[in-house]
Amino acid sequence: MKAAGVIVEYNPFHNGHAYHLDQTKKITNADVVIAAMSGSFLQRGEPALVSKWTRTKMALAGGADVVVEIPYAFSTQHAQTFARGAISILDALQVKEICFGSEIGNIAPFYQALQERRTRIEALNQALQQKVETGVSYPKALSDAYKNIGIDSLDLSKPNNILGFHYIEQIQEQGSSIQAHTVERLNAQYHDTTFSSSSIASATSIRKHLQTSPIEDASGVMPLATKMELQAYQQTYGLLHMWEHYFHLLKYKLLIMSAEQLRGIYEAEEGLENRLLHAIQQATSFENLMQTIKTKRYTWTRLQRLCLHTLTHATKDEMNLADTAPYIRLLGMSKTGQAYISSIKKNIPIPLLSHSKHSHPLLNLDIRASAVYYAILPEPFRSHALKQEYVQHPIRWNI
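Below: a short report on this structure. Being a predicted model, the structure only gives us computed values, none of them experimental.

1. Some points on the overall build of the protein
Across its full length, the protein carries 19 helices and eight strands. On C-alpha atoms alone, the protein measures out to a radius of gyration of 20 Å, which is about the 21 Å that the 2.2 N^0.38 rule sets for 399 residues. A buried classification covers 56% of the 399 residues belonging to the protein. Here the contacts in the protein between residues at least 6 apart in sequence split such that 76% fall between residues at least 24 apart. Carbon and sulfur atoms make up 49% of the accessible area of the protein, which totals about 16800 Å².

2. Looking at the nonpolar core
Counting 131 residues, the largest nonpolar core has Ile-34, Ile-98 and Leu-289 as its most contacted members. Sequence-distant contacts of Ile-98, that is, excluding residues within four places in its chain, are made with Gly-5, Ile-87, Leu-90, Tyr-167, Ile-171, Ile-178, Gln-179, Ala-180 and His-181.

3. Description of the packing of helix H4 (residues 79–92) against helix H8 (residues 159–173)
The N-to-C vectors of H4 and H8 enclose an angle of 50°; their axes lie 8 Å apart at closest approach. Accordingly, the angle class assigned to the pair H4 and H8 is oblique. The chirality of how H4 crosses H8 is right-handed. Residues Ala-79, Gln-80, Phe-82, Ala-83, Arg-84 and Ile-87 of H4 lie in contact with H8, whose contacting residues are Ile-162, Leu-163, His-166, Tyr-167, Glu-169, Gln-170 and Ile-171. Split into classes, the residues belonging to the contact of H4 with H8 amount to eight nonpolar, three polar and two charged.

4. Quick notes on the environment of Ala-314
Looking at the secondary structure, you find Ala-314 in the loop between helix H15 (300–312) and helix H16 (316–319). Note: C-alpha distance between Ala-314 and Ile-256 (58 residues apart in sequence) is 16 Å.

5. Section: a nonpolar patch on the surface
A cluster of nonpolar side chains, namely Tyr-252, Leu-255 and Ile-256, defines an oily patch on the protein surface of about 330 Å² accessible area. Summarising the element assignment, Ile-256 is placed in the loop between helix H11 (247–255) and helix H12 (259–263).

6. Side note on the pairing of strand E6 (residues 328–334)
Most of E6 sits out of view: seven of its seven residues are buried. With four bridges connecting them, strand E3 (residues 66–70) and E6 associate as antiparallel partners. Residue pairing for E6: Val-67 is matched across the bridge by Gly-332. Across two bridges, E6 lies against strand E7 (residues 352–353) in parallel orientation. Residue pairing across strands places Arg-329 opposite Leu-353, the latter belonging to E7.

7. With respect to H4
The terminal C-alpha atoms of H4, which comprises 14 residues, lie 20 Å apart, in line with the 20 Å expected from a rise of 1.5 Å per residue. What H4 keeps buried is the set Ala-79, Thr-81, Phe-82, Ala-83, Gly-85, Ala-86, Ile-87, Ser-88, Ile-89, Leu-90 and Ala-92. At the exit of H4 stands Gln-94, carrying a positive phi of roughly 60°.

8. A look at the environment of Tyr-390
Its location among the elements puts Tyr-390 in helix H19 (residues 381–391). C-alpha separation for the pair Tyr-390 and Ile-367, spaced 23 residues apart in sequence, amounts to 8.4 Å.

9. Digging into the pattern of salt bridges
Across all of its chains, the model carries 16 salt bridges by this definition. The partner of Glu-46 in a salt bridge is Arg-207, and the shortest N-O contact between them spans 3.5 Å. Highlighted residues: Glu-46 in the loop between strand E2 (32–38) and helix H2 (52–61) and Arg-207 in helix H9 (residues 203–210), separated in sequence by 161 residues. An identical accessibility class is assigned to Glu-46 and Arg-207; each is buried. The shortest N-O distance in the salt bridge between Lys-52 and Glu-69 comes to 2.9 Å. Of this pair, Lys-52 sits in helix H2 while Glu-69 sits in strand E3; the two residues are 17 residues apart in sequence, bridging distant segments of the chain.

10. Quick word on the packing of H11 against H15
It is the contact of H11 with H15, at a shortest axis distance of 9 Å, that shows an interaxial angle of 75°. The orientation of H11 with respect to H15, classified from their angle, is roughly perpendicular. Residue-level inspection shows Leu-249, Leu-250, Lys-253 and Leu-254 of H11 in contact with H15, the latter providing Cys-307, Thr-310 and Leu-311. In terms of residue class, the contact of H11 with H15 is made up of five nonpolar, one polar and one charged.

11. Quick look at H2
One full turn of an α-helix is made of 3.6 residues, so residues set three or four places apart face in the same direction. In terms of residue burial, H2 counts as a mostly covered element, since eight of its ten residues are buried. Considered for burial, the residues of H2 that qualify are Lys-52, Trp-53, Thr-54, Arg-55, Thr-56, Met-58, Ala-59 and Leu-60.

12. Some words on the packing of aromatic side chains
Tallied over the entire structure, the rule returns eleven aromatic pairs. Geometrically, the ring pair formed by Trp-243 and Tyr-246 is edge-to-face, given 6.3 Å between the ring centres and 80° between the ring planes. The same class applies to Trp-243 as to Tyr-246, namely buried. Geometrically, the ring pair formed by Trp-243 and Phe-286 is stacked, given 4.1 Å between the ring centres and 5° between the ring planes. You can see Trp-243 sitting in the loop between helix H10 (224–237) and H11 and its partner Phe-286 sitting in helix H14 (residues 286–293), a full 43 residues away along the chain. Judged by its relative accessible area of 7%, Trp-243 falls in the buried class. Judged by its relative accessible area of 3%, Phe-286 falls in the buried class. An aromatic cluster of at least three residues, connected via ring pairs, comprises Phe-41, Trp-243, Tyr-246, Phe-286, Tyr-373 and Tyr-374.

About the cut-offs
- Here the residue numbering is sequential within each chain, running from 1 through the sequence in written order.
- Side-chain atom pairs in this predicted model are given and counted only at pLDDT of 80 or more, local residue features only at pLDDT of at least 70, and totals for whole chains, interfaces and linings cover all residues.
- Only hydrogens and water are set aside; all other atoms, that is, all heavy atoms of the structure, feed into the side-chain values.
- For the purposes of this entry, the term helix denotes a DSSP run of H or I that reaches at least four residues, the term strand denotes a run of E that reaches at least two, and both are numbered from the N terminus.
- We compute the radius of gyration over the C-alpha atoms and compare it with the globule rule, which gives 2.2 Å times the number of residues raised to the power 0.38.
- Each residue's exposure class comes from its accessible area (1.4 Å probe, protein chains only) as a fraction of the maximum for that residue type: buried when under 20%, exposed when over 50%, partly exposed otherwise.
- Should any heavy atoms of two residues lie within 4.5 Å, those residues are counted as being in contact.
- Here the open area of atoms and residues is found with the Shrake-Rupley method and a 1.4 Å probe, where only the protein chains shown may cover a residue.
- In this description, a nonpolar core means a group of buried Ala, Val, Leu, Ile, Met, Phe, Trp, Tyr and Cys residues linked to one another through side-chain atoms lying within 4.5 Å.
- Lines are fitted to the C-alpha atoms to define the axes, a helix being fitted only along its stretch in contact, and any angle between axes, read from their N-to-C directions, falls within 0 to 180 degrees.
- Here the word oblique covers every angle except those under 35 degrees (roughly parallel), over 145 (roughly antiparallel) and from 65 to 115 (roughly perpendicular).
- In a left-handed crossing the near helix is turned counterclockwise from the far helix by less than a right angle, and in a right-handed crossing that turn is clockwise.
- Here the nonpolar group is Ala, Val, Leu, Ile, Met, Phe, Trp, Tyr, Cys and Pro; Asp, Glu, Lys and Arg are the charged ones; every other residue, Gly included, is treated as polar.
- Exposure above 30% relative accessible area and no salt bridge define the residues that can form patches, which grow by joining like charges within 9 Å and nonpolar side chains of Val, Leu, Ile, Met, Phe, Trp and Tyr within 5 Å.
- The term salt bridge refers to a pairing of a side-chain nitrogen on Lys or Arg with a carboxyl oxygen on Asp or Glu at a separation within 4 Å.
- A pair of strands is treated as paired once DSSP finds two or more bridges between them.
- A helix is expected to span 1.5 Å for every residue after the first.
- When the centres of two rings from Phe, Tyr and Trp lie within 6.5 Å, Trp using its six-membered ring, the rings pair. Their planes under 30 degrees apart give stacked, over 60 give edge-to-face, and anything left gives tilted.

Just distances and angles here, no functional claims.
Encoded structure:
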C-alpha cells in the first residue's frame, strides 16, 4: 500500500481541507492518506477550537485514513521546528509523498529557493543579521533577506509558502526519500478574516466568525460532519476553546511567577519576561494583554506562543529534548488506515502509541498541555477529558 502524507491542524476542518485531501489522493495516487495533526494547541500558539479527538473525527469523515498527533514540543513552534517534527513522523510511517497547500501552487520554486540558499548561505546570513538589527520581526527579516540577495523564486512572506519551504528543507536534512507536491490555495488566503460568496473560506475567518455567530451560519464553508461535530462539542461543553477562556489562568500564573522563573520558560528571551510581567498587572483580557506587549520586533504569533508556554509551563530544557519526534501517538484510523498500519507497524523505527501509557518526557508535556486545555471545562467533563489522555484508544472509523 502506498501512503501519502499531509501536515495539518484542522482548526476546524473545512471545505478547503476536503479539496486538499482530494487533490492529494489524485496527485499521488496513494492508497492511504496520513494526516500529521497538531494536538490541543497549535503552531500559532493558540488553543484548538475543539479537542484533538473531535478534530480527528472531522478528518476521518473528510477522507483522511490515519490521523497521528504532532507532539506539543513541535506543534507549537516556529515553522522550521514544526516541520522537523511533522516530517520525522511521516517518514517513520513510511510515507512516500507529501502534498501541502501553498500560495504559489508550483513545487519547482521551493526546490529552486533551497538550492539558491545553499549556494549563498553566507550572504543570506549577513543580510538576515542586518535586517534583524533594524528591529523588524524575524519572519519579515528573513523574507527581506532572501529578496535582498536575489533569491526571489519563492515569496517567503506568505505563511503557507514558508511552511512548504521548511517541509522540503526537512525532507532533505533528514535524508528522507519523501517526494513533495503542492496545490494552490483556492480563493481564501491564510489570514483572510471574512467569508466571500465562495464555498472556500480560511480557517482564520471561520474561527473569527464563530467567536460571535452561530455555527449554522458557517455551514456553507465546511462539510456537514464538521458542523455537526462543532455543534455537539459546543452543546456538550458550553464553549469552543479560545484564548480569552484561558486568560484568568494565564494571569494567575504570571502573578505568582518571578522574572527569574519566567526566564526558564521557552521563548522568554531578550527581556520579554519583564515586559510580560509588567503588562499583566493591568491587563483585563488576553486581547488587551497582547495589544500592550506587541511591538514591531515581536509578532503576535511569537508573543502568543510565549503566553502559551507560560500557561503550560513548557521549559527551555523540555522543549529542546529531541530534534525529531521520539514517538507517534495514533489518534484515529479508517478501515484502510488500519490495514496500512498493521502492514508496517513492525518496521516503524520509533514507538507507535495507541494510548499514553508510555514513558517519555515529551509525552508528559503533551499530557500536561492537554490538562491545561481541558482546565476550562466544567466538572465532571474536565476530569473525564483528562482521563481520555491515558485510556483513549484510536478512533476507528468504519466508513
